[in-house]
Amino acid sequence: MFKATILLVTLFVASAFGMEGIKECKYINAPLPMETSNSLCEKNPCTITNGASVETTTTFKTTASSSLKYNVDAYLGSFKIPIDFVPAEDQDACKGLTSGKCPVKDGDVVTHQIKLPVEAPMEATISMEAYVTDENKKALFCYRTQITVKN
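Residues numbered from 1 in each chain as written. Predicted model: local features only at pLDDT ≥ 70, side-chain atom pairs only at ≥ 80, totals over all residues. Heavy atoms only, no water.

K.L.:
Help me out: how do you make sense of the packing of aromatic side chains in this one?
P.N.:
One pair of aromatic rings is described through two measures. These are the centre distance and the angle between the planes. In total, this model carries three aromatic pairs according to the counting rule given. Ring centres of Phe141 and Tyr143 lie 6.2 Å apart, and the angle between their planes is 5 degrees; this geometry places the pair in the stacked category. The class of Phe141 is buried, set by a relative accessible area of 1%. Note on Tyr143: relative accessible area 0%, which makes it buried. A connected cluster of aromatic rings, assembled from ring pairs, spans Phe60, Phe141 and Tyr143. (Phe/Tyr/Trp six-rings, centres within 6.5 Å; stacked < 30°, edge-to-face > 60°. Buried < 20%, exposed > 50% of the residue type's maximum accessible area, 1.4 Å probe, protein only.)

Spelled out as structure tokens, the structure:
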């Protein structure tokens, strides 16, 4: 339940160039995406209600790869929460591409979309880093956002 909350929180970032508060990742070395938007927040930090569903759309440039993986890491302060926040069925980012398809070529511009429910066992404020990796586990983009889940 808590992992879905964090994954959804990642989905709360709006335009990488237009949304206030979006940051480069602290722990993953990758550029910001070209654009990111979500259905619940227009600026950071983001407050969401437990039980809501969040849809995030991210546009980014790729390297040549036959596969892409969607990842979310969550932090409470500097402590990484040791949970896989992306359900297995949503980790294959190729399935979530709304423009482009796998395999991707170097320099392709693709758009990925994901929709997840927010389910948390308690109210919490966390920092999240969302990113997609290629088949060599190289992060193609990464963004950091802070979210607060309220009941």
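K.L.:
Would you mind going over the sheet that holds strand β9 (residues 139–150) with me for this structure?
P.N.:
Sheet strands line up and pair through hydrogen bonds in the backbone, either parallel or antiparallel. Pairing in this open sheet of five strands is mixed, and the strands run β2-β9-β8-β4-β5 from one edge to the other. Strands with a single pairing partner mark the edges of an open sheet, and in this sheet they are β2 (46–49) and β5 (79–80). Note that strand β8 (residues 124–133) and β9 share 10 bridges and pair antiparallel. Looking at the pairing, Ala124 lines up with Val149 of β9. (Pairing = 2+ DSSP bridges. Helix = DSSP H or I, 4+ residues; strand = E, 2+ residues; numbered from the N terminus.)

K.L.:
Explain the nonpolar core here, please?
P.N.:
Buried together is how nonpolar side chains tend to be arranged in soluble globular proteins. If you look at the biggest cluster of nonpolar residues, it comprises 31 residues, and the most contacted ones within it are Ile48, Phe60, Leu68, Tyr70, Val72, Val132 and Ile147. Those elements giving two or more residues to this core turn out to be β2, β3 (53–61), β4 (69–76), β7 (109–117), β8 and β9. Per-element tally for this core: the top contributor is β9, with five residues. Counting residues in each nonpolar core, the second largest holds six residues, with Cys25, Ala30, Tyr131 and Ala139 among its members. (Core = buried A, V, L, I, M, F, W, Y, C linked by side-chain atoms within 4.5 Å.)

K.L.:
What is the right way to read the state of the cysteines from this model?
P.N.:
Cysteine pairs can be linked by a disulfide, which is a covalent bond between their two sulfur atoms. Tallying each qualifying case throughout the model produces three disulfides. A sulfur-sulfur separation of 1.4 Å characterises the disulfide bridge that pairs Cys41 with Cys46. Negative torsions about the S-S bond denote left-handed disulfides, and the value of about 45 degrees found for Cys41 with Cys46 makes this one right-handed. A disulfide bridge connects Cys94 with Cys102, and the sulfur atoms are separated by 1.9 Å. Handedness here is read from the sign of the S-S torsion; for Cys94 and Cys102, about -80 degrees, the answer is left-handed. Judged by relative accessible area, Cys102 falls into the partly exposed class, the value being 22%. Counting only the cysteines that form disulfides, in the order they appear in the protein chain, gives the pairing 1-6, 2-3, 4-5. (Disulfide = S-S within 2.5 Å.)

K.L.:
Looking at this structure, how should I read the side chain of Arg144?
P.N.:
The residue Arg144 is located in strand β9 in this model. Overall, Arg144 belongs to the buried group, its relative accessible area being 11%. Within the structure, Arg144 has its side chain in polar contact with the side chain of Glu129 (distance 2.6 Å). (Polar contact = N/O pair within 3.5 Å; in protein donor to acceptor, adjacent residues only side chain to side chain.)

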